[in-house]
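Per-entry structural report
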Amino acid sequence: MASKVPMTNGVTQVRIAGFGGQGVILTGMLLGKAASLYDGKEAVFTQSYGPEARGGASSADVVISSEPVDDPLVTNPDILVALFQEAYVRFRPLLREGGMLIVDDELVHADAGETGMHAIPATRMAEALGRRIVANVVVFGYLVGMSGVISRDAAIKAIESTVKPKTYQLNLDAFSAGYERARGDRAS
Amino acid sequence: MGADTKVAGSPRLMVGEHFMLGDHACAEGALAAGLDFFAGYPITPSTEICERLAHRLPQVGGRFVQMEDELGSIAAILGASAAGARSLTATSGPGFSLMMENIGLAVMMEIPCVIVDVMRGSPSTGLPTLVGQGDVFQARWGSHGDYSIVAFSPSSPQECFDLTIRAFNVADQLRIPVFLLMDETIGHMTERVVIPPADQIPRTPRKRPGHAPGEKLFLPFKADGDLIPPMAHAGEGYNVHFTGLTHDERGYPALNAQAHEELVMRLSRKVSAHASEVTLVEEVYLEDAEVVVVTFGCTARSARRAVNLARQRGIKAGLLRAITLWPFPEEHVRRLSESGRVKRFVVPEINLGQVCREVERLTSLPVDRINRAGGAMISPQSIMEVIAA
């Protein structure tokens, strides 16, 4: 069972990439906020603002470290989350060697030679919870459970302080579904 | 996007720790400073300042007006400020260009205001969503004629908050327009921002007339020893006359060389006389540095990383960050230049060479420029290579 947090020189670069509406920006926000406000770490969150951002490809970048983060740019992610095919094709070559790749395997068809990939049917799991819209929070739970880059407690505090109170339980359920799935995958 | 951490404090002051966008931190800083009035025309990458204030300012009894354009925006904030309101507008390069005429008017009429320019790739409409740092000289020299202003350059969302407060205080103290020269990277970056309680937020009030309206003759442009005239607000009953023409102490046009010399010299000197109070820098490893990187804004983050990488390689590199871009921190550069220890300056900036010209005129030592037209940050590695060269 892998237990090491993916990082390079004490810094973890995370890129979460999808298309507009999948909630990747919120996922990045939750990750950075959890690290920065509730886990005693330093974090910077940026997002793509390309001309294509409205409705097209969308990505959230988070840099997490125990030291102040001077350089906010994600160049070679230690963790890449790809939630649609184009994101996988575009960003997979940037993933640091030995880095962690997480995909929604119902939306991404990985190359035949892809090894060590972590797959989660997040959209289907969210639908099972009754709301497809929380697929991003399922992914967030899986990312936290699989990488250990932030603590579960910090992640939950970030959700609680960010989402509307009436959707908190739904989001917590989504997070837990992803988190528990990661625990299962790590044990197996 | 993203609701904030639930916090204590008043609606105006969201006391506590936040994970906050730079643009939003600027808006919250303005509210913390007592912002009464915002007029603006949304433009990427400053739009989030507008959005935030459109939502927040009415909550605290302020006024938010979306204007027809940037000419109207700056005119509106000058009017509001003349009536006593702490006033703000926010824009980016194309809108900043449109504001230049009335920036001169603000200088001439000595109306305090804060203007945020979140810099993007330029000239013209350039790169709306991508970073640039090309408006540094425009902030200093953009309106016609000779004058002085103050400009701050934040390197983090926390500084967007802190320096917006400072900008209001300096504007009111000196009766000038003050610029917050942000850049797209800093405006669109989310990081921890701590908002302190009200008693830790400094407020410099405007200097006001020392007597009641009508009690005796008030001369609205008669300066005190600090070169700053007390400010009466429109509608209070003092005799106040504003004009962009050269004017005398009454505020009436005085179209001759002597009046012009006196007025223009005072407007310039009142800033230079207070330069040391408003000049903020960050100094890293300067006590033994032989190569000094002079930097500002988002580029300072790459530069700090580069300096640390250089130190790891045994190179005595240091960093001078101009938090105040205008007045430029001349004395800091001169002292380093004359230290006998510093051998070279390196000036990275996302423009084709602006701050480097300031450094070059202050030193006879070599100045290595690193320039990019815009669209991306300068990488720490590319700065490191020039430091090590």
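These numbers come from a predicted model, not from an experiment.

Turning to the overall build of chain B, a few remarks are in order. The helix and strand tally for chain B stands at 13 helices and 15 strands. Its C-alpha atoms give chain B a radius of gyration of 21 Å, near enough to 21 Å, the size a compact globule of 389 residues would have. Of all 389 residues assigned to chain B, the portion counted as buried reaches 52%. Taking as baseline every contact in chain B between residues at least 6 positions apart, the subset at least 24 positions apart corresponds to 73%.

On to the overall build of chain A, then. Within chain A, the secondary structure is distributed over 6 helices and 6 strands. Along its sequence from the N terminus, chain A presents helices and strands in the succession β-α-β-β-β-α-β-β-α-α-α-α. Taking 16 Å as the expected radius of gyration for a compact globule of 188 residues, we find that chain A reaches 15 Å, a close match to that expectation. Over its C-alpha atoms, taken along the principal directions, chain A stretches across nearly 40 × 40 × 40 Å. A total of 188 residues make up chain A; the buried ones form 54% of that total.

Below, the discussion takes up the sheet that holds strand S12 (residues 317-322) of chain B. Hydrogen bonds between backbone groups are what pair the strands of a sheet, and the pairing can be parallel or antiparallel. Residue and element names in this part refer to chain B. Strand order across the open sheet formed by 5 strands is S10-S12-S11-S14-S15, with mixed pairing between neighbours. Since the sheet does not close on itself, it has two edges, and those belong to strand S10 (281-284) and strand S15 (367-371), each with one partner. The mean inter-strand angle of the sheet, taken between neighbouring strand axes irrespective of direction, is 20°. Alignment of strand S11 (residues 291-295) against strand S14 (residues 344-349), held across 3 bridges, turns out to be parallel. Within S14, the residue paired with valine 292 across the bridge is phenylalanine 345. Across the sheet, helix H10 (residues 299-312) is in contact with S10, S11, S12 and S14; its angle to S12 comes to roughly 165°.

All names here are of chain B. As defined by bridge partners, strand S5 (residues 113-121) adjoins strand S6 (residues 127-131) across 2 bridges and the pair is classed as antiparallel. Bridge pairing links glycine 121 to leucine 127 in S6. Two successive antiparallel strands, S5 and S6, enclose a turn made up of 5 residues, where serine 124 displays a positive phi of approximately 50°.

Residue and element names in this part refer to chain B. Of the consecutive residues threonine 44 and proline 45, the connecting peptide bond is found in the cis state with omega at 0°. On the secondary structure map, proline 45 appears in the loop between strand S2 (37-40) and helix H2 (47-56). Following tryptophan 326, the chain continues into proline 327 via a peptide bond in cis, with omega recorded as -5°. Assignment of secondary structure puts proline 327 in the loop between strand S13 (324-326) and helix H11 (330-337). One non-glycine residue, glutamate 110, lies in positive phi territory at about 55°. Mapped onto the elements of the fold, glutamate 110 is located in the loop between helix H4 (93-109) and S5.

What follows deals with the pairing of S2(B). Residues and elements named next belong to chain B. Alternating positions in S2 separate into two faces, Phe37 and Ala39 on one and Phe38 and Gly40 on the other, with burial throughout. As judged from the 4 bridges shared by S2 and strand S3 (residues 63-66), these two strands associate in the parallel manner. Residue pairing in the sheet places phenylalanine 37 in a bridge with arginine 63 of S3. For S2 and strand S4 (residues 87-91), the ladder comprises 2 bridges, and the chain directions are parallel. Bridge pairing links phenylalanine 38 to leucine 88 in S4.

Residue and element names in this part refer to chain A. Look at helix H4 (residues 135-147) against helix H6 (residues 168-187): their axes get within 7 Å of each other, and the N-to-C directions meet at 40°. As H4 runs across H6, the sense of the crossing is right-handed. Across the interface between the two elements, Val137, Val138, Val139, Phe140, Gly141, Tyr142, Val144, Gly145 and Met146 from H4 touch Asn171, Ala174, Phe175, Ser176, Ala177, Gly178, Tyr179, Arg181, Ala182, Arg183, Asp185 and Arg186 from H6.

Another point: the domain arrangement of chain B. All names here are of chain B. Here the domain parsing of chain B yields domain 1 (16-200) and domain 2 (283-388). Between domain 1 and domain 2, the C-alpha centre-to-centre distance is 26 Å. Going through the elements one at a time, S6, helix H5 (136-141), strand S7 (150-152), strand S8 (177-183) and helix H7 (184-187) are the ones with two or more residues in the side of domain 1 that touches domain 2. Sorting elements by how many residues they give to the side of domain 1 that touches domain 2 places H5 first, with 4 residues. Here the residues of the side of domain 1 that touches domain 2 are counted per class, giving 12 nonpolar, 10 polar and 2 charged.

Residue and element names in this part refer to chain B. Per-residue confidence for chain B gives a mean pLDDT of 96, with 98% of residues at or over 70. No element of chain B has a lower mean pLDDT than S6, at 95, and none a higher one than S7, at 99. Across residues 1-7, where pLDDT falls below 50, the model places 17 contacts with residues more than four positions away in sequence or in other chains. Reported confidences for the modelled complex are a pTM of 0.96 and an ipTM of 0.95.

In this structure, Val138(A), Ala155(A) and Val293(B) are the most contacted members of the largest nonpolar core, which totals 174 residues. With 10 residues, the top contributor of residues to this core is helix H1 (residues 24-38) of chain A. Per-domain counts for this core show at least three residues from each of domain 1 (16-200) and domain 2 (283-388) of chain B. When near neighbours in sequence (up to four residues on either side) are disregarded, Ala155(A) contacts Leu30(A), Ala34(A), Phe140(A), Val144(A), Ile150(A) and Phe175(A).

So, about helix H1 (residues 22-32) of chain B. Residue and element names in this part refer to chain B. Burial of H1 is extensive: 11 of the 11 residues sit out of reach of the surface. Buried within H1 are the following residues: Gly22, Asp23, His24, Ala25, Cys26, Ala27, Glu28, Gly29, Ala30, Leu31 and Ala32. Where H1 ends, the next residue or the one after it, glycine 34, has phi of about 95°, a positive value.

About the criteria used
- Residues numbered from 1 in each chain as written.
- Chains lettered and ligands numbered in written order.
- Predicted model: local features only at pLDDT ≥ 70, side-chain atom pairs only at ≥ 80, totals over all residues.
- Helix = DSSP H or I, 4+ residues; strand = E, 2+ residues; numbered from the N terminus.
- Rg over C-alpha atoms; globule rule 2.2 N^0.38 Å.
- Buried ≥ 20, exposed ≤ 12 C-beta atoms within 10 Å, placed from the backbone.
- Contact = placed C-beta atoms within 7 Å.
- Pairing = 2+ DSSP bridges.
- Axes fitted to C-alpha atoms, helices over the stretch in contact; angles between N-to-C directions.
- Left-handed = near helix turned anticlockwise from the far one by under 90°.
- Domains from an automatic or database assignment.
- Nonpolar A, V, L, I, M, F, W, Y, C, P; charged D, E, K, R; others polar.
- pLDDT = per-residue confidence, 0-100.
- Core = buried A, V, L, I, M, F, W, Y, C linked by C-beta atoms within 7 Å.

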